[in-house]
Amino acid sequence: MASQARDAQERKRNGRHYTPPALARFLARRALLHAPRAGELRVLDPACGDGELLLAVQREVAPDVTVRLTGYDLDRRAVGEAAARAAAEGIEIDCRAGDFLAVSARIADGSFDLVISNPPYVRTQQLGGSTAQLLSKQFGLRGRIDLTHPFVAIAPRLLAADGVLGLLCANRFLTTRAGANLRRILTSELHPAELYDLGDTKLFAAAVLPAITVATRAPTECDCRYVSVYEEPGAEPDCATDLFDALAGDSACLVGDGGRVFAVEVGVLSTAAHPDDRSGVDLPKSDRPSAAGTSGRSGGPDRARAVRPARSGDTAWRMSRPALDSWLSTIADSTWRTFGDTARIRVGIKTTADRVFISDRWDQMDPTPEPELLRQLITHHDLQPWRIGRDRGTRVLYPYDLMQPRRTPIDLAEFPGAAQYLRSHEQVLSGRRYVLDGGRKWFEIWVPQRPHLWGAPKLVFPDISERPRFALDRSGAVVNGDCYWISLTDLGTGEQATDLAYLLMGVANSALGLRFYDAVCGNRLYSGRRRWITQYVARLPLPDPAGPASAEIVGRVRAVLEDGVPVAEASIDEAVAAAFGVPAQ
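Just so it is clear, the structure is predicted and the values come from calculations on it, not from any experiment.

Rules and cut-offs
Each chain carries its own residue numbering, running from 1 in the direction its sequence is written. Reporting of local features is limited, given that this is a predicted model, to residues whose pLDDT is at least 70; pairs of side-chain atoms are given and counted only at 80 or more, and all residues count toward the totals for whole chains, interfaces and linings. Calculation of side-chain values draws on the structure's entire complement of heavy atoms; hydrogens and water are dropped beforehand. Where helices and strands are cited, they refer to DSSP runs of H or I of at least four residues and of E of at least two residues respectively, numbered from the N terminus. The contact definition used throughout considers only heavy atoms, calling two residues in contact when any of these lie within 4.5 Å. Residues belong to one nonpolar core when they are buried, are Ala, Val, Leu, Ile, Met, Phe, Trp, Tyr or Cys, and are joined through side-chain atoms within 4.5 Å. Exposure classes here rest on a 1.4 Å probe applied to the protein chains alone. A residue is buried below 20% of its type maximum, exposed above 50%, and partly exposed in between. Here an angle of 0 to 180 degrees is reported between the N-to-C directions of two axes, which are lines fitted to C-alpha atoms, with helices fitted over the stretch in contact. The scheme is simple: roughly parallel for angles under 35 degrees, roughly antiparallel for over 145, roughly perpendicular for 65 to 115, oblique for anything else. Crossing handedness: left-handed means the near helix sits turned counterclockwise from the far one by under a right angle, and right-handed means the same turn made clockwise. When residues are sorted by character, Ala, Val, Leu, Ile, Met, Phe, Trp, Tyr, Cys and Pro go into the nonpolar class, Asp, Glu, Lys and Arg into the charged class, and all the rest, Gly among them, into the polar class. Any two strands between which DSSP finds at least two bridges are classified as paired. For the purposes of these results, a polar contact is taken to be a pair of N or O atoms within 3.5 Å, where, inside protein, one atom must be able to donate a hydrogen and its partner to accept one; residues adjacent in sequence count only when each atom of the pair is a side-chain atom. Pairing of aromatic rings covers Phe, Tyr and Trp, the last counted by its six-membered ring, and requires centre-to-centre distances within 6.5 Å; plane angles under 30 degrees mean stacked, over 60 mean edge-to-face, and any other angle means tilted. Working rule: Lys NZ or Arg CZ, within 6 Å of ring centre, within 35 degrees of ring normal, means a charge sits over the ring.

Draft legend 1. How the structure looks around the overall build of the protein chain. Within the protein chain one finds 22 helices and 23 strands. Residue pairs at least 24 apart in sequence account for 75% of intrachain contacts in the protein chain once pairs closer than 6 positions are excluded.

Draft legend 2. Up close: the nonpolar core. One finds Trp327, Phe339, Leu459, Phe461, Leu491, Val537 and Leu542 to be the most contacted residues of the largest nonpolar core, which totals 53 residues. Elements supplying a minimum of two residues to this core: helix H11 (322-333), strand S17 (458-462), strand S21 (483-487), helix H17 (494-508), helix H18 (511-521), helix H19 (534-537), helix H20 (548-563) and helix H22 (572-579). By residue number, the principal contributor to this core is H17, which donates 9 residues. When neighbours within four sequence positions are excluded, Phe339 is seen to be in contact with Leu504, Val507, Ala508, Val537, Ala538, Leu540, Pro541 and Leu542. Membership of the second largest hydrophobic core comes to 46 residues, among which are Tyr196, Leu203, Val208 and Val227.

Draft legend 3. Spotlight on the packing of helix H2 (residues 21-32) against helix H3 (residues 52-60). Between H2 and H3, the least distance of the axes is 8 Å, while the angle of their chain directions is 55°. By the angle between their axes, H2 is oblique relative to H3. In the crossing of H2 with H3, the sense of the turn from one axis to the other is right-handed. Touching Pro21, Ala24, Arg25, Leu27, Ala28, Arg29 and Leu32 of H2 are Glu52, Leu53, Ala56, Val57 and Glu60, all from H3. For the contact of H2 with H3, the residue count by class is 8 nonpolar, no polar and 4 charged.

Draft legend 4. View of the pairing of strand S7 (residues 210-216). Burial of S7 is extensive: 7 of the 7 residues sit out of reach of the surface. Burial along S7 is two-sided: the face carrying Pro210, Ile212, Val214 and Thr216 and the face carrying Ala211, Thr213 and Ala215 are both buried. Judged from the 7 bridges that link them, strand S5 (residues 159-170) and S7 form a sheet pairing that is antiparallel. If you follow Val164 over to S7, its bridge partner there is Thr216. With 6 bridges joining them, strand S6 (residues 191-197) and S7 adopt antiparallel strand pairing. Its bridge partner being in S7, Pro192 is matched across the sheet by Ala215.

Draft legend 5. Examining the side chain of Thr498 more closely. With respect to the helices and strands, Thr498 occurs in helix H17. When its relative accessible area of 11% is taken as the criterion, Thr498 is described as buried. When residues no more than four places from it in sequence are discounted, the contact partners of Thr498 are Arg474, Leu488 and Arg558.

Draft legend 6. Quick look at the side chain of Gln449. Looking at the secondary structure, you find Gln449 in the loop between helix H16 (433-437) and S17. You can call Gln449 buried: its relative accessible area is 17%. Within the structure, Gln449 has its side chain in polar contact with the backbone oxygen of Val347 (distance 2.8 Å). Once residues lying within four places of it in the same chain are set aside, the contact partners of Gln449 are Arg346, Val347, Gly348, Trp454 and Trp485.

Draft legend 7. The packing of aromatic side chains, seen in detail. Going through the model one piece at a time under the given rule, you end up with 16 aromatic pairs. Taking the centre distance of 5.0 Å and the plane angle of 85° together, the rings of Phe26 and Tyr196 count as edge-to-face. One end of the pair, Phe26, is in helix H2; the other, Tyr196, is in strand S6, with 170 residues separating them in the sequence. Like Phe26, the residue Tyr196 is buried in the burial classification. Each ring, one from Tyr517 and one from Tyr536, has its centre 5.9 Å from the other, and the planes form 85°; the classification is edge-to-face. Linking Tyr517 in helix H18 with Tyr536 in helix H19, this pair joins segments that are 19 residues apart in sequence. Judged on exposure class, the residue Tyr517 and its partner Tyr536 are both buried. Put simply, the rings of Phe461, Phe470, Tyr484, Tyr517, Trp532 and Tyr536 touch in pairs and so form one group of aromatic residues. Residue placement shows Arg346 over the ring face of Trp485; its charged tip is 5.3 Å from the ring centre.

Printed below as a string of structure tokens:
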């Protein structure tokens, strides 16, 4: 048992999560539909693990095709297991123990007809900066990478002119900035033929949501088929189809599987931005529009934006359907700016030692830090749409001078209670080498954000939530790292800033905002939860604040927040839909 636990830990550390047989069979079937029809099929799995994908290809291929299977893996035991499994079935695999990325340069171009792979799930932080930089340079990658990127980057060169890539990886590459490398490779060097966002099906043991991509070396005549499947809590299945059969079908449906019900949606892949989207494109600060002046009408000077042309891969991928595309186009016609154009979206503080800095029982501590250093802390537990509750009374020891515009640690000599408390935890705090190596004092928190802004009103929303929960804080509380925030100082001054904040809240908390998120950002988590991170929220649309439709939204939000009108009676959803010229949901 102990050795099994060690093996499991080692596999997790190195990103080795072997492909379940049912998933391997499905991937093999879909990839073989596009593979060359010649009498011999040369197949490579560059990270073969226990050989499940290669064995699945052999089992699914036509009987008159000769298959030559090649597998590499760093784990010698896994290679031995793959060879033993193959031998037991009378299958021959050329299994090689070693680092495929290190030897790939010695493999001739066009050596394989099918590359099928479930690359290791190892993130940049685990790779280390120097390794990540080396891989980026070697394989022509940009920005933050994970180990999936070089495995995919090498595939086009190794494929024959009519070869096929069958890829199983985390679905976050579809929408995140970090996934731009994969999107670029799959569109500029390959041609996506089929895409399956397997969402929260839990078909895969790793703590990621998987996706399957089948891409061809030769151009395809048809649009890329795009299928998405996520759990639909509370729904009843409308067919008795097996989940994998439903994924291969052409119709949307609700499928029951293992006591859960999944919504299967079918469309085609859109790799083009919707008309007003620049997702993933970072503009230089000098090119970003100012949000401080918001009184200009659409089309006036305030409307002008300097937009750098998107590079291949910059645009997030989404499902395209005629009705959805029409809806997004209509919204784009009424979009003044995106949330990201309007204000900076910041993550909350990250202490990297929460047990030391955060508590709801400070009055029971001995020694006790000075009260003026114990700031109210907003966490995801405190947030509901529109309002912030403070039932938990959580506070953070925030060792910074709030009067300074830059991060300025307090002088411990002036706060003997805090000094004594912090020194009682000095061993833990000093163990955070990245804090000290960053030129910080041992008692600082890792990400304090901008201390002088905490006192200003701000919009706050949780990182992870089933539905949007944007709320306005006027208490001056600090925001925790499980939330994001927008300071009203970025929106203007006085009533103008408040009105724009109400408008942002109205759109974000609306049914339209949720549907837009699912259509354009899309990357949901388990059980209907969504991530409301900066790069997603930045894409949400905003109507012209100077227009009457926006004034109507602001008035209804004000009625909820200031006059106590129930949300259901305020009809905010209807006002938001009208502002963008679409029917209310």
